[in-house]
Amino acid sequence: MRKLLVLLHRWAGLCMAVFLAVAGLTGSVIAWEHELDRWLNPGFHYAAPSSAPLLPATEVARRVEAAHATLQVSFMPLAAAPGQTLVLMVAPRMDPATGKPHVLGFDQMAVHPATAEVQGTRTWGQASLARENFVPFLYKLHHTLFLPRAWGVDWAVWFLGAVALLWVVDCFIALWLAFPRWRAWRKSLAFRWSRGARTLNFDLHRSGGVWTWGLMLILAVTSVAMNLHDEVMEPVVNVFSRTSPSPFDERPRRTPAEQAAAPQVSRAEIVERARAEGLRRGWPDPPGFLTYRPAFDLYGVDFYVPGTSRPGLGPPRLYFDGATGALAGQRVPGEGTAGDLFMRLQFPLHSGRIAGVPGRILVTALGLAVAVLSVTGVVIWWGRKRARAA
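Given the structure is predicted, the values throughout are model-derived calculations rather than measurements. (Residues numbered from 1 in each chain as written. Predicted model: local features only at pLDDT ≥ 70, side-chain atom pairs only at ≥ 80, totals over all residues. Heavy atoms only, no water.)

**Q** Account for the nonpolar core, with residues named and values stated.
**A** Judged by nonpolar contacts, the single largest core of 30 residues is most densely connected at Met76 and Val301. Looking at this core, the elements with two or more residues in it are α4 (57-67), β1 (71-77), β2 (86-92), β5 (108-111), α11 (267-281), β9 (287-293), β10 (298-303) and β11 (317-321). No other element matches the four residues that α4 contributes to this core. If near-sequence neighbours (up to four positions away) are discounted, methionine 76 is found in contact with Ala57, Thr58, Ala61, Leu88, Arg267, Phe289 and Leu290. Val168, Met216, Leu219 and Leu228 belong to the second largest nonpolar core, which has 23 residues in total. (Core = buried A, V, L, I, M, F, W, Y, C linked by side-chain atoms within 4.5 Å. Buried < 20%, exposed > 50% of the residue type's maximum accessible area, 1.4 Å probe, protein only. Helix = DSSP H or I, 4+ residues; strand = E, 2+ residues; numbered from the N terminus. Contact = heavy atoms within 4.5 Å.)

**Q** Quick rundown of the packing of aromatic side chains? Include the residues and the values.
**A** The tally for this structure, following the rule as stated, stands at ten aromatic pairs. For the ring pair phenylalanine 19 and phenylalanine 159, a centre distance of 4.8 Å and an interplane angle of 80° mean the geometry is edge-to-face. With phenylalanine 19 in helix α1 (residues 2-30) and phenylalanine 159 in helix α6 (residues 155-177), this residue pair connects regions lying 140 residues apart in the sequence. Three or more aromatic residues link up through ring pairs in this structure, and these residues are Phe248, Phe296 and Tyr319. The ring of phenylalanine 44 is capped by arginine 122, whose NZ or CZ atom sits 4.5 Å from the centre of that ring. In this structure, arginine 293 is placed above the aromatic ring of phenylalanine 248, and the distance from its NZ or CZ to the ring centre is 4.8 Å. (Phe/Tyr/Trp six-rings, centres within 6.5 Å; stacked < 30°, edge-to-face > 60°. Lys NZ or Arg CZ within 6 Å of the ring centre and 35° of its normal.)

**Q** Let's hear about the pairing of β11: which residues, and what values?
**A** Taking burial as the measure, the five residues of β11 include five buried ones, the bulk of the element. Alternating positions in β11 separate into two faces, Arg317, Tyr319 and Asp321 on one and Leu318 and Phe320 on the other, with burial throughout. Of the strand pairs in this sheet, β10 and β11 are connected by five bridges, and their pairing is antiparallel. Note that in β11 the partner of tyrosine 299 across the bridge is phenylalanine 320. Sheet topology places β11 next to strand β12 (residues 327-331); four bridges connect them, and they run antiparallel. In the sheet register, leucine 318 faces β12, and the bridge partner there is glutamine 330. Taken together, β11 and the strand that follows it, β12, pair antiparallel across an intervening segment of five residues, in which glycine 325 is found at a positive phi of about 80°. (Pairing = 2+ DSSP bridges.)

**Q** I'd like a rundown of the side chain of serine 223, residues and numbers included.
**A** You can see serine 223 is positioned in helix α8 (residues 213-227). Excluding residues that lie within four positions of it along the chain, serine 223 makes contacts with Ala164, Trp167 and His350.

**Q** Tell me about a nonpolar patch on the surface, residues and numbers included.
**A** Together, Leu147, Trp151, Trp155 and Phe159 make up a nonpolar patch on the protein surface, roughly 470 Å² of accessible area in all. Look at tryptophan 151 and you get exposed, because its relative accessible area is 78%. (Patch = residues over 30% accessible without salt bridge, like charges linked within 9 Å, V, L, I, M, F, W, Y side chains within 5 Å. Areas by Shrake-Rupley, 256 points an atom, 1.4 Å probe, with all protein chains shown as cover. Salt bridge = Lys/Arg side-chain N within 4 Å of Asp/Glu carboxyl O.)

**Q** Before we move on, could you go through a negative patch on the surface and cite the residues and values that matter?
**A** Taken together, Asp230, Glu231, Asp249 and Glu250 make up a surface patch of like negative charges. Along the polypeptide, glutamate 231 turns up in helix α9 (residues 229-240). Since its relative accessible area comes to 39%, glutamate 231 is described here as partly exposed. (Lys, Arg positive; Asp, Glu negative; His and termini not counted. Charge placed at Lys NZ, Arg CZ, Asp CG, Glu CD.)

**Q** Let's hear about the sheet that holds β5: which residues, and what values?
**A** The sheet built from eight strands is open, its strands ordered β6-β5-β2-β1-β9-β10-β11-β12 with antiparallel pairing. Strands with a single pairing partner mark the edges of an open sheet, and in this sheet they are β6 (118-122) and β12. Across this sheet, the average inter-strand angle for adjacent strands is 25°, counted without regard to direction. Relative to β1, α4 is tilted by about 160°, and along the sheet it contacts β1, β2 and β5. (Axes fitted to C-alpha atoms, helices over the stretch in contact; angles between N-to-C directions.)

**Q** Break down the environment of phenylalanine 240 for me, citing the residues and quoting the values.
**A** On the secondary structure map, phenylalanine 240 appears in helix α9. The spatial distance from the C-alpha of phenylalanine 240 to the C-alpha of alanine 338 is 8.7 Å, given a sequence separation of 98 residues.

So this is what it looks like as structure tokens:
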């Protein structure tokens, strides 16, 4: 039995090593994506000095769309942190002459919150190591490995989901193999620093894996949830506790022609409705972020103070109908079924944001540990292969 498990662990590890090393290293960096991006690109994130008073964020978005008729703002903060720009995500409008979306050449804009002047544009996740693209590039590399979407299949989701599932299984195999003799369990936790590089490499792989095992399993399980949410994780969770449907599950997807039309209810009105609903519920934070999904004609409003971090399960969110402005759904941390709570835990656990800055520090250390375990595993295999050949 042990020989079979050794074989499974060896080949599972070799198949995953490169991908887990890349994911670990990039994940350790993007735990600090906002801070690092601001440091690398001050001209994009910090607003130029201006004596003009700050505009409401919805007015900034309106002016941007008026000046650039080929785009619409889809994601936006509702206030800028002091001294910073408003960073908007934009999408192309349909060209009535061709029936196809306009070509913008970018999908993110940094806009001055007082003048609505554009300070910079970029394509988020572009494969480039330039300063303005470095952090988004790492983020997309971490989540997709830049695998293409072809024939209607998102290959990144399926490939990385399969790697995550294999990682979950291999976590249990590795734990079993780490304790060949249970009475000598202390050896499986020790690092023999003075026994040479080969012995230390083995201890880093085995004992390092044992010390971090529980946290590695959490990363593996949450990786499954990140990639195979609808295909694997939610069906499994529903066996034990039914999850509540989201507003997107209950609304039909609109046609491209319908998506091209502007919503009947303006952003400003949605923000005021959200503010009133938040006050009615006694929520302490104001509306902090606005999204619009043309495919479903649905607004989403997150409640938090822009520029601040929010540990835990994230901010509450309310959904509003773009045609009527009526409240269409909600996502409130701590409410719902046990299945809802479990699913909402996945991203905060995976990113470390559930514990604020200490959690992000831990995720950075775990990302490096994932890379170390991957490299030491390959070194062990290569050394034994050379020994057998000799």
